Structures are given as structure tokens and as C-alpha cells.
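The lines below spell out each chain.
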Amino acid sequence: MFDFPDDQIAQVSLEHNFWTWSAQGGVDPIPVTRAEGVYFWDAHGKRYLDFNSMMMCVNLGHGDPRVIEAIVAQARALPFAHGSMATRPLAELGRLLAHLTPGDMDHFLYTLGGAEANENAIKLARAVTGRHKILTRYRSYHGATAGAMALTGDPRRHSWEPNLMGGVVHFLDPYRYRSTFHRTNPDIPEAEFTRDYLNHLEEIITYEGPGTIAAVMVESVTGTNGILIPPDGYMQGVRALCDKYGILMIADEVMAGFGRTGKWFAVDHWGVVPDLMTMAKGLTSSYLPLGAVGMRPFIAEHFRERVFQSGLTYSGHTLTLAAAVANIKAMMEDDVVGQAAARGVFLRQQLMDLGEKHPSIGDVRSIGLFAGVELVKNRETREPLSPFNQTTEPMKRLRKFCLERGLNIFMHWNVVLIVPPLIITEELLAEGLAVLDEALAIADAEVTE
Ligand SMILES: Cc1ncc(COP(=O)(O)O)c(C=O)c1O
């Protein structure tokens, strides 16, 4: 009764398991059995090229023996230690992160994932400032726990309102292609565009009362909500506004961090040092679950005499810390971040070429190996192929086509996301994009003149 062959994995999985982000009746899982490099295989032996790093998180690629061996060795020596104890992986990871993270960031608190990292970041910000409001943007995702869901600006929070954490105020994203302020003058120079969005943020700060705002939290590069890359000057401007009003700046680097954008952290593109920075996903390349909050010295110092009244049984689970250390060392050894930057240039060019060819491509956005292709019915009107918060049939067919051809790719409303493992080669990028190229005929057929 408890034994079954691999070809029944999907069927048996459906019997007793509850699936997140899904209507239970519509779930149709890929029965995945193994993975290596940029590929994974299903129970029928079919190979998929993973253009989504599973959940935008296997940055180092699948099955790296250096991480696996480190986990095994740690499991043999000491799989878990009480959170008040010191271990080698804890010592090593703190040092590595202090070295890699921006500016003077030098203390780290550990969680099991991104949502908990964000929860802790806001606790720290509130405690240090003595203020309660947090400003985040509408097109953002910060996690699914009650506090992180409140921080999330996108519609995933709607189902759970009004019982989420209070005190969050949302503001608009500097989203050039669909800019609220520039519908009649979309060609405004970038510096003015940036200024308008910083003015907007400052106006919100003024209305809310600077003395009530603990932090502004932003995804350094917005991920799921469409790869929205801030224009140059924006992150610096957010930093300056925070400094002006004594507000802490929190960068959510859960998806954008650990080489994804071609630098260790996305904020590094703009030379900005946030007061708090949250990490997860690429921190271990998801070999094991781990999140972290990085903080600047004055934040850690605030708690020198005061107790930080929070913690988790698995704050810094020893095995997960060992996975993070091995993952980061492997990334350093192979210069994975430098490679991602180089491949990002290639990816961008390829996507621009696709944009020339396909009338359904309205906008191409990319930074490193973090790319989004926005599909429209009409380039003039920019009518999206799927409206806000909806996934229309053509988008579903597009994904199905790719999956059938062995390309695992993620789509969010009308945006195709390209987020491969950072070790991908130009040849394999081209191979995956060739499938997307064919699939885009489905979107092109929807274009109206
Ligand atoms: C930017 C960002 N922040 C936070 C989270 C939440 O992380 P987790 O799912 O590990 O809780 C995610 C997850 O996708 C994310 O993309």
C-alpha cells in the first residue's frame, strides 16, 4: 500500500496533499524525480530546461556536489544546534555575508525563508525607530505570512484582508512601460521620470507623517510582478529620502540577490546601502530553506542592552547554514556572478531580437539573468495580452507549448519571466529562447492592428 512506482508519483501526491497557490481541483503537477545543472527530469524520463530555476531560486544550478557534500558532512557531524549556541557554519556564514553584502552591513539574523526575513526586518525597523508604518509598493511581493502579506502590494493580499498586519501604506512603482504619471508623455527623459516617482514617494511620506514611518521597503528589482528595474537615480533617491526623514530603508533581495542581476546584490548596481536587507532563495540556491536579514551596525547596536524579543526554533538551522556557506563558496570559486553578468548581455540581445520579430512583444526588461518579456495585443495602445491580475487562454497555451517542448518557464499575467540558473551557457539560453520564439506565434496571433 505504501509502495508505488515512479509513474504514479503525481497521482499519489494528489491523494493527500494540499497545494498552495492553487484551486485543488486544477492541480496537475510535474512528477519531478531528479535534477542536474540547468535541467530536471520527470518520472517518465522527460527532460526540462529550467528557465525558472524552479522557483527563481536555484541560482547555482541543480545538484552541485560541493553543496550536497557539505550538507552530508554537516548532517554527520551536527545537523542541528540550539539557537543560542555557536557553530562553524554560523561563524563562517556571518563572515561571508559581512564580506559580500553592501557597505557596512555586518550583522545577520536567520530565518527559514523570505517572508520570515521580511517579518523580522520590520520588527527591527519598528523597534529601532519607535515608529510603526511601513511603506511598500503596489507591484511587490514580500511573502505569504500575515505581516509579509500585508507588505505585499500585489493582489495576492486581497483574499486575506482586512485581517493582516496594520500600518502598511503602498505607493506606486517606477514602472516605465505603464507609468501612471506619463500616459500622455511616455517619452519623458529618464531623469524626470525618476524625479516624478521620488516626488510621489515624498508626498506620501509627507501625508502619512514622517514621524510615523519606520521604513520604506522595496524589492531592489521587482521580481514576480514583471521584472521592474528601477531607473538610475531611483534607489539613490529612495535612500536620500529615507535619510532626510529618519526612515530606514529595507531592500528585499530575496529574489534579486545572490548574483541574479549580475552583481551579488541588486542594490550594488546603484551603490546604495540599505539599512536592512532581506535574503533567501539564492542564499542556499534552495538546497535547503534559509532566509536572512542583514543589518547595519547601528541596528545591531540598538540591541546591545535591549533584548530582541523574537526567534524561531530554526533560526539558523545548522544544516541550512552549512548549505549557504557551501553555496556561496561555490559561487565565488566559479565566479558565477561574473558569468551571470556576461550571459545577461547575451540574453538581453537575444530578447531584443525577439522583440523585433514578434509584434506581441511590447517591452523587454532585463538585468543580468533576470528578464521579463511583456506581451501586448497592440503595441500602440499597449493593451496587455492578459489584463491585470488575470491569466488569459493565450498565456496558458504559451506556457503549455513551452512545457511540452521541455522548457520550464514562468508566466505572470502578461509577462514571460526568464530566470535560469546562473550557470547556464549561451548555447542553452539560445536553445530555450528558440522554443519561446516558436511559442510566441500563439501571442502574435492575438495581436490586433
Ligand atoms: C521579493 C520576494 N520577497 C519575499 C518572498 C517570500 O519568500 P518565501 O517564499 O521564501 O517566504 C519572495 C518569494 O518569492 C520574493 O520573491
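Whenever I open this one, the packing of aromatic side chains confuses me. Can you help?
Within a pair of aromatic rings, the relevant descriptors are the distance that separates the centres and the angle that separates the planes. Counted under the stated rule, the structure contains 10 aromatic pairs. Judged by centre distance (5.0 Å) and plane angle (45°), the rings of F193 and Y197 are tilted. Of this pair, F193 and Y197 are both found in helix α7 (residues 190-208), 4 residues apart, which corresponds to roughly one turn of the helix. Here F193 matches Y197 in class, with each residue buried. For the cation-ring pair, R156 lies above W21, with the distance from its terminal atom to the ring centre recorded as 5.7 Å. Of note, R156 hangs over the ring of Y141, and the distance from its end group to the ring centre comes to 3.9 Å.

What's the story with the site of the ligand in this structure? I'm lost.
Taken together, G113, G114, A115, N118, Y141, H142, G143, E219, D252, V254, M255 and K281 make up the full set of residues near the ligand. The contact in question runs from an oxygen atom of the ligand to an N or O atom on the backbone of G114, over 2.8 Å. In the environment of the ligand, an oxygen atom lies 3.1 Å from a nitrogen or oxygen atom belonging to the side chain of K281. Surface burial for the ligand is 80%, taken as the share of its 390 Å² of free accessible area covered by protein chains. Broken down by element, the shell around the ligand gets its largest block of residues, 3 residues, from helix α5 (residues 114-129). Class assignment of the residues belonging to the shell around the ligand gives a composition of 4 nonpolar, 5 polar and 3 charged.

Here is what the cut-offs are and how they apply
- Residues numbered from 1 in each chain as written.
- Predicted model: local features only at pLDDT ≥ 70, side-chain atom pairs only at ≥ 80, totals over all residues.
- Heavy atoms only, no water.
- Phe/Tyr/Trp six-rings, centres within 6.5 Å; stacked < 30°, edge-to-face > 60°.
- Helix = DSSP H or I, 4+ residues; strand = E, 2+ residues; numbered from the N terminus.
- Buried < 20%, exposed > 50% of the residue type's maximum accessible area, 1.4 Å probe, protein only.
- Lys NZ or Arg CZ within 6 Å of the ring centre and 35° of its normal.
- Near = heavy atom within 4 Å.
- Polar contact = N/O pair within 3.5 Å; in protein donor to acceptor, adjacent residues only side chain to side chain.
- Areas by Shrake-Rupley, 256 points an atom, 1.4 Å probe, with all protein chains shown as cover.
- Nonpolar A, V, L, I, M, F, W, Y, C, P; charged D, E, K, R; others polar.

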